[in-house]
Amino acid sequence: MFSFIRPPLLGYLLAALASMTMLGCTENAKDPWEGATGQKIMVSFPPLHSFVTNVAGEHATVKVLLDNTGVHDYQPSPRDASKLHKADIFFYNGLELDDTFAVALLKNSANPRLKERTYAVGKCIPADRLLKMAEHEHVHDEKGGHGAGCNHKHGEFDPHIWLGIPEAILMVEFIRDRLKENDPSHAADYDLNAKNYIAKLKQLHADGLAKFKGKENKKFVPSHESLSYFARCFEVEAMKPLQRLPGEDPSSARLQEIVKRCKDEGVRVIAVEPNQMTNSTAKVLLNELKNKGVADPQIVEIDVLENAAQDDLKPDYYERKLAENLDKLSQVLK
Ligand SMILES: [Zn+2]
């Protein structure tokens, strides 16, 4: 389901991007910003769409590059480079989640002034709040480098910062400050919008903590290594994930190791992502847990917000999805 940008393919795509006339400039291409009002802001993936939409309010039109395609699976296209052609501001996550395609698209956008107004939002998270990728080190320890199944560039730090509320708030503040710099005439509105949105996020944090407070066992097995900030924020515990890399089925040795830890520590909950519901590995683990006598094992769907249907991207998308995750997880943890 997932694939990573392989260097030769990326080279090909970049060559294709460079050699063609920008779609946004051709006579027949539809202007992707038609009808846009205010600042034209492009973001890389869904959580940033929520953050920017809430802070910008009526002063911007916000578009997202990725909707149904997961962020670990996306390949840059000339069509998407053309969407940046008339953009005023571009926000991406950074921390090596989306840097490769963001930089490639920016380079091919034929929009030189956008370079000064392109921001890796993850840079706002102080080093002491960033979590290291456990699986990243594991891969290197085992193979001493990038193996055949591992064609993407790893980051040292876990990039899934949007799933922790304190980190999300830092991202919102960073976005607010960039909007104020670029459009100082509406600075007071950006301040007020950010203040109101941050208050909602703080409430969501408090509500989530309350849901897990009385639980005796707060451990669960995630699909891929994506829920560490979420777990820190809501005081639950994400175990070793099923997948060593996003989309990679576990080896039988890995699966058995996870089964053993679950049995030893009484872990009953397996979190799957919505786009992976057909993935049978979680069901295999569920059956293994049943066979090993773990009482009442459960699969729960947790959306890590890496992809979303375009029509689901309403301003409340982020807090709505996160609240749904908190509800579902608290219903299955005991
Ligand atoms: Zn991820």
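Further up the page is the structure itself.
Residues numbered from 1 in each chain as written. Predicted model: local features only at pLDDT ≥ 70, side-chain atom pairs only at ≥ 80, totals over all residues. Heavy atoms only, no water.

Another aspect to go through is the coordination of the zinc ion. Surrounding the zinc ion are the protein donor atoms His72 (NE2), His160 (NE2), His224 (NE2) and Glu306 (OE), which sit 1.9 to 2.1 Å from the metal. Coordination at the zinc ion is tetrahedral: its 4 donor atoms span angles of 95 to 126° at the metal. If you list the donors of the zinc ion from N- to C-terminus, the spacing comes out as H-x87-H-x63-H-x81-E. In this pair, His160 is assigned in the loop between helix H5 (134-143) and helix H6 (165-182) and His224 in the loop between strand S5 (219-221) and helix H8 (228-234), connecting sequence segments 64 residues apart. An identical accessibility class is assigned to His160 and His224; each is buried. (Donors = N, O, S within 2.8 Å, 3.2 Å for Na, K, Ca; no water. Tetrahedral: all angles 85-135°; square planar, octahedral: opposite > 155°, others 65-115°. Helix = DSSP H or I, 4+ residues; strand = E, 2+ residues; numbered from the N terminus. Buried < 20%, exposed > 50% of the residue type's maximum accessible area, 1.4 Å probe, protein only.)

Evaluation of the coordinates by the stated rule reveals 8 aromatic pairs. Note on Phe45 and Trp162: the rings are 4.7 Å apart at their centroids and 80° apart in plane angle, and the pair reads as edge-to-face. Placement of the pair is Phe45 in the loop between strand S1 (39-43) and helix H2 (46-56) and Trp162 in the loop between H5 and H6, with a sequence separation of 117 residues. We note that Phe45, like Trp162, is buried. The interplanar angle of 70° and the centroid separation of 4.8 Å between the aromatic rings of Phe51 and Tyr318 together place this pair among those described as edge-to-face. With Phe51 in helix H2 and Tyr318 in helix H11 (residues 317-332), this pair connects stretches of sequence that are 267 residues apart. For the pair Phe51 and Tyr318, a shared accessibility class is recorded, and that class is buried. Here the basic side chain of Lys63 rests over the ring of Trp33, its NZ or CZ set 5.7 Å away from the ring centre. A cation sits over an aromatic face here: Arg178 above Tyr119, 6.0 Å from the ring centre. (Phe/Tyr/Trp six-rings, centres within 6.5 Å; stacked < 30°, edge-to-face > 60°. Lys NZ or Arg CZ within 6 Å of the ring centre and 35° of its normal.)

The next point concerns the pattern of salt bridges. The tally for this structure, following the rule as stated, stands at 25 salt bridges. Ionic pairing is found between Asp191 and Lys180, a salt bridge with its closest N-O pair at 2.9 Å. One end of the pair, Asp191, is in helix H7 (residues 187-212); the other, Lys180, is in helix H6, with 11 residues separating them in the sequence. We note a salt bridge from Arg244 to Glu248, for which the minimum N-O separation is 2.8 Å. Look at Arg244 and you get buried, because its relative accessible area is 11%. Residue class for Glu248 comes out partly exposed when judged on its relative accessible area of 22%. If you follow the salt bridges from partner to partner, you end up with Asp312, Asp316, Arg320, Lys321 and Glu324 in one network. (Salt bridge = Lys/Arg side-chain N within 4 Å of Asp/Glu carboxyl O.)

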